[in-house]
Amino acid sequence: MQKILLKSVMTQLSGCPMRRKDILVENNVFKKIEDSLCGEDCENAEVVDCRNFAILPAFYNGHTHAAMTLLRGYADDMELNKWLTQYIWPFEARLTDYDIAVGSRLAILEMIKSGTVFFADMYWHREQTMKAVEEMGVRATIGVTIADMLTPPEGLEKNFEFLKNHTLESERVKLAAMPHSIYTNGVDTLKRTFDLARAENYKLHIHLCETKSEVENCKNQHGCSPLELVDRLGGLDERLIGAHCVYFTEKDRKLFVDAQATVVLNPCSNLKLSSGIPLIPAMISDKVKLALGTDGASSNNNLDMREEMKMAALIAKVAGSAETLPADDALNMATRNVALAYGIDGGEIAVGKLADFLLVDMNNERMVPCHDLVSNWVYAADSNCINSVVCNGRFVMRNRHVDGEEDILNDARTCARRLASTK
């Protein structure tokens, strides 16, 4: 039985002031959170002196493309359509299974180092990413990416079979149906994907209303918004998770709320690609379920959820007021709300929840002084404040070191040089 006893760790549990607590992790869940713990329950536990640490929930990344770490900095400072069609898709066509494995390990390393233990991934060669997730001890919902305009017919059929068979799923690694977008799929393929997701009870994740041109083209072709098309084809229910949603109308927001679907915002990527700024205050006012993701490292250009969390809070305030999206709510968007969207019983520090957490160095200069732990974490900190990361009750980073990180970095450098030389 795996046990960890965190002694005298600073907490700021929901609705409570900062307090030092003892926390017992047993197997993969928080077993007890009390002022002081000792005795029989703590026998055989690894005791961690946390007098210099605070505990915070680990980040969950609601939308990314992990192996695109290999494209970081490859094609910058251009709008989405040019970026995709002239640079990204041609580069991706050269990626092999090995490249995806290397890029995925690099992404997971970066995510662990910046406090993320779960990600929802929409990319190619998914078996390689699934293996990397298993090996490195984190969680993921891995998409079977459906894009009939980018995939030959035999490949498309293999994708549907992969989903039907629930291939390679495990305790920490789940599959989801992920049609890339309405502009890379015909209506027949979209409907087939939606029907399969419902039949197999998969989460359904799609790029949605990301750009003005996407919305305008959909209206010209189908006479409705992209979300209305998804609804028309049977894809809008509580399992739907829409990425970006920058150009949601009032009607779109109402449809999403009525369906109890979730929006995953990616503000850094949307700003960098000049796609637009999501109407966060209107979404909050209409009670849309909101979560956060980083998008890929070629359009962000990192996978740092803490940075995404701060950006979301700041642009919400500019569009709304200083009171819009306070620190506690921003943190929930980067943790608990993502967990809820993907059906994971985690994302918060509470008894019975999955033990996914960070130990943050309270002696780091960005955490001093600490009038409010969550405020410091959202507005002041950076990734260097994270000392250790635990996923599923096990350390995946201790004292800022991840096992095998040197080899991961060397492999990524070698791989990127080869790919760049063959373009």
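Summary of the structure given here. (Residues numbered from 1 in each chain as written. Predicted model: local features only at pLDDT ≥ 70, side-chain atom pairs only at ≥ 80, totals over all residues. Heavy atoms only, no water.)

### A few points about the packing of aromatic side chains
Under the defined criterion, the tally for this structure stands at seven aromatic pairs. Centroid distance F30 to F357: 5.6 Å. Interplanar angle 40 degrees. Geometry classified as tilted. Of this pair, F30 sits in strand β3 (residues 29-34) while F357 sits in strand β14 (residues 357-361), and the two are 327 residues apart along the sequence. F357 matches F30 in its accessibility class, with the two residues each being buried. Counting every residue linked through ring pairs, the aromatic cluster contains Y60, F118 and Y342. In this arrangement the basic side chain of R94 is found over the ring face of F91, its NZ or CZ atom lying 4.8 Å from the centre. The ring of F162 carries R126 above its face, with NZ or CZ at 4.2 Å from the centroid. (Phe/Tyr/Trp six-rings, centres within 6.5 Å; stacked < 30°, edge-to-face > 60°. Helix = DSSP H or I, 4+ residues; strand = E, 2+ residues; numbered from the N terminus. Buried < 20%, exposed > 50% of the residue type's maximum accessible area, 1.4 Å probe, protein only. Lys NZ or Arg CZ within 6 Å of the ring centre and 35° of its normal.)

### Quick look at empty space enclosed by the protein
What the rule picks out here adds up to one cavity of 30 Å³ or more. Taken together, 19 residues line the largest cavity, and the ones lying closest to its centre are H65, M68, L84, H180 and H207. If you tally residues by element for the lining of the largest cavity, the top one is helix α1 (residues 80-92), at six residues. Class assignment of the residues belonging to the lining of the largest cavity gives a composition of eleven nonpolar, five polar and three charged. (1 Å grid on protein atoms, 1.4 Å probe; cavity = no way out; pocket = protein on both sides within 12 Å on 5 of 7 lines; lining within 4 Å. Points joined across faces, edges and corners; volume = space filled by probe spheres on them. Nonpolar A, V, L, I, M, F, W, Y, C, P; charged D, E, K, R; others polar.)

### A closer look at the layout of surface pockets
Roughly 460 Å³ of volume is contained in the largest pocket. As for the largest pocket, its lining consists of 16 residues, and the residues nearest its centre are W124, H125, L150, T151 and P152. Of all the elements in the fold, those that place two or more residues in the lining of the largest pocket are α1, α3 (126-136) and α4 (153-164). In terms of residues, the lining of the largest pocket owes the most to one element, α4, which gives three residues.

Function-wise, these values are silent; they only describe arrangement.
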